[in-house]
Amino acid sequence: MPSSSCESELRRKIDQAASGLKPTRLTPENVSWGTGPDHGKLWIPENLAPLAGTPAYARLTDEQRLRYNQYYALQMAEQFAWLERYMIIGPLRGLLRGALPTPSMRAIIDSFITDEHGHTASLLKLARMARPDLYGSREFRFFMPPPLVRFYAALAARLPRLLCGWVLLVGVLEELTILISRTYKESNDGIDPLFATIYTLHAQDEARHCRQDSLIADWLLVDQGAMAKGINASTLRLAFTAYYDAGWGYDQPVRQVAADFSDVGAWETELLEEAKTSCSAAFNGRLTDRTMLPITSRNAERYDMLGDVIRYLSKIHNS
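Residues numbered from 1 in each chain as written. Predicted model: local features only at pLDDT ≥ 70, side-chain atom pairs only at ≥ 80, totals over all residues. Heavy atoms only, no water.

**A closer look at the overall build of the protein**
Argument step 1. Each helix and strand counted, the protein has 13 helices and zero strands in total.
Argument step 2. Listed N to C, the secondary structure of the protein is α-α-α-α-α-α-α-α-α-α-α-α-α in terms of helices and strands.
Argument step 3. Rg of the C-alpha trace for the protein: 20 Å, near the compact-globule value of 20 Å for 319 residues, within the 12% margin.
Argument step 4. Its C-alpha atoms put the protein at 65 × 45 × 35 Å along the principal axes.
Argument step 5. The buried share among the 319 residues of the protein stands at 55%.
Argument step 6. A fraction of 82% describes how many contacts in the protein between residues 6 or more apart in sequence connect residues 24 or more apart. (Helix = DSSP H or I, 4+ residues; strand = E, 2+ residues; numbered from the N terminus. Rg over C-alpha atoms; globule rule 2.2 N^0.38 Å. Buried < 20%, exposed > 50% of the residue type's maximum accessible area, 1.4 Å probe, protein only. Contact = heavy atoms within 4.5 Å.)

Given below as structure tokens:
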């Protein structure tokens with residue numbers, strides 16, 4: 001069990017975080033949507049798209065590269081909408097069904113959920129405005145997580161205290177949004193301003209969420225017994241490995257470009273392989289670079305289960 005001094009310090013941090021809560025920045029109401037994204041511009045910084053810089057990418061025409069960039073931007077928007085709905089809101093609601101360490105924690109979780117609803121609505125609206133012809137009645141067209149990722153999210157929603165490693169996974173993914181926003185800011189005028197605005201507002205909320213993730217992790221993990229920590233560590237490794245498996249997640253934008261341009265279809269397999277290889281290298285660079293993800297680095301030092309899984313995945317992606 002945690003010492004009384006540690007418990008008091010945690011309560012102080014929770015109360016301090018609750019006193020600094022702010023309204024959600026990214027909501028549909030806070031965005032000037034205009035007529036939607038500009039189809040003549042990149043929708044995501046080129047260096048964030050997996051194929052960028054590969055030999056296969058160089059073979060694409062300017063129009064094909066632009067279309068690929070826009071499809072990958074749609075996938076990225078869908079990715080964060082899916083994560084926030086299923087990997088964050090679900091477990092947070094589960095936490096509210098049990099005892100909380102202080103009323104301030106309820107305020108933090110309620111605010112967190114409100115933020116994520118605003119984000120999900122905004123990101124899905126962005127995708128639909130960008131390409132209404134692709135979506136119809138569907139919300140997710142490009143981001144299709146594998147069954148194990150879906151299963152882990154469902155389990156975390158049912159058992160958010162036992163399988164509380166979800167908050168460490170979420171913390172990594174949320175810190176990535178800050179890195180993405182920074183890349184938008186550093187990009188030139190070729191980036192669509194609506195997409196850039198969405199990710200700027202998103203990152204402003206996520207910076208607060210990263211601190212909240214750490215508080216929730218401190219609360220849930222500090223008094224877990226050895227058996228519970230072992231279960232947590234094993235399921236977290238499975239979830240991370242499934243989520244960052246280079247065998248999925250990069251094919252839909254490529255396949256859509258191949259469907260749009262008949263000449264691309266002949267070397268679709270080559271494009272897919274180069275996207276997977278590129279993403280594997282980029283993943284490893286992000287997770288092991290303290291300057292890119294400093295909060296993740298600190299959490300990896302504090303929680304062995306996160307540090308172990310990062311080292312495990314780094315080894316896989318380097319092999």
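**Regarding a nonpolar patch on the surface**
Argument step 1. There is a patch of nonpolar side chains on the surface, built from Leu159, Leu162, Met227 and Ile231 and spanning about 370 Å² of accessible area.
Argument step 2. Note on placement: Leu162 falls in the loop between α6 (147-158) and α7 (166-186).
Argument step 3. Residue class for Leu162 comes out partly exposed when judged on its relative accessible area of 34%. (Patch = residues over 30% accessible without salt bridge, like charges linked within 9 Å, V, L, I, M, F, W, Y side chains within 5 Å. Areas by Shrake-Rupley, 256 points an atom, 1.4 Å probe, with all protein chains shown as cover. Salt bridge = Lys/Arg side-chain N within 4 Å of Asp/Glu carboxyl O.)

**Here's the deal with the packing of helix α3 (residues 62-96) against helix α4 (residues 103-130)**
When two helices pack together, their arrangement is given by the angle between the helix axes and the distance between those axes.
Argument step 1. Relative to each other, α3 and α4 sit at 155 degrees, their axes nearing to 9 Å. The orientation of α3 with respect to α4, classified from their angle, is roughly antiparallel. Where α3 crosses over α4, the two elements pack in a sense that is left-handed.
Argument step 2. A per-class count over the contact of α3 with α4 returns 16 nonpolar, three polar and six charged. (Axes fitted to C-alpha atoms, helices over the stretch in contact; angles between N-to-C directions. Parallel < 35°, antiparallel > 145°, perpendicular 65-115°, else oblique. Left-handed = near helix turned anticlockwise from the far one by under 90°. Nonpolar A, V, L, I, M, F, W, Y, C, P; charged D, E, K, R; others polar.)

**Some points on the pattern of salt bridges**
Argument step 1. Within the structure shown, the criterion is met by 14 salt bridges.
Argument step 2. A salt bridge links Glu139 to Arg85; the shortest N-O distance between them is 2.7 Å. With Glu139 in the loop between α5 (132-135) and α6 and Arg85 in helix α3, this pair connects stretches of sequence that are 54 residues apart.
Argument step 3. For Glu139, a relative accessible area of 36% translates into the label partly exposed.
Argument step 4. Linking Asp133 and Arg131 is a salt bridge whose minimum nitrogen-to-oxygen distance equals 2.7 Å.

**Comments concerning the state of the cysteines**
Argument step 1. One pass over the structure, following the stated rule, counts zero disulfides.
Argument step 2. Cys164 provides the cysteine sulfur closest to Cys210, a residue in no disulfide bond, and the two sulfurs are 18 Å apart. (Disulfide = S-S within 2.5 Å.)

**Overview of the packing of aromatic side chains**
Argument step 1. Following the criterion strictly, the structure yields 13 aromatic pairs and no others.
Argument step 2. Where Phe240 meets Tyr244, the ring centres are 6.0 Å apart and the plane angle is 15 degrees; that geometry is what we call stacked. Each of the two residues, Phe240 as well as Tyr244, counts as buried.
Argument step 3. Its guanidinium or amino end placed over the ring of Trp267, Arg59 lies 4.1 Å from that ring's centre, counting from NZ or CZ. (Phe/Tyr/Trp six-rings, centres within 6.5 Å; stacked < 30°, edge-to-face > 60°. Lys NZ or Arg CZ within 6 Å of the ring centre and 35° of its normal.)

**Here we look at the environment of Tyr250**
Argument step 1. Structurally, the position occupied by Tyr250 is in the loop between α9 (226-243) and α10 (251-260).
Argument step 2. The class of Tyr250 is buried, set by a relative accessible area of 16%.

**Some words on the environment of Tyr184**
Argument step 1. The topology assignment puts Tyr184 in helix α7.
Argument step 2. Assessed through its relative accessible area of 5%, Tyr184 is described here as buried.
Argument step 3. Sequence separation of Tyr184 and Ile14 is 170 residues, and the distance between their C-alpha atoms is 32 Å.
Argument step 4. Discounting chain neighbours no more than four positions away, the residues touching Tyr184 are Trp43, Ile44, Pro45, Ile191, Phe195, Ala196 and Tyr199.

**Thoughts on the environment of Cys6**
Argument step 1. When you line up the elements, Cys6 lands in helix α1 (residues 4-19).
Argument step 2. Relative accessible area serves as the criterion here: at 48%, Cys6 is assigned to the partly exposed category.
Argument step 3. Between the C-alpha atoms of Cys6 and Val222, which are 216 residues apart in sequence, the distance is 9.5 Å.

**Some remarks on the packing of α7 against α9**
Argument step 1. Two elements in contact, α7 and α9, have axes separated by 10 Å at closest approach and are oriented at 30 degrees. By the angle between their directions, the pair α7 and α9 is classed as roughly parallel. Residue-level contacts link Leu168, Leu169, Val172 and Leu173 of α7 to Leu236, Ala239, Phe240 and Tyr243 of α9.
Argument step 2. A class-by-class count of the residues in the contact of α7 with α9 yields eight nonpolar, no polar and no charged.

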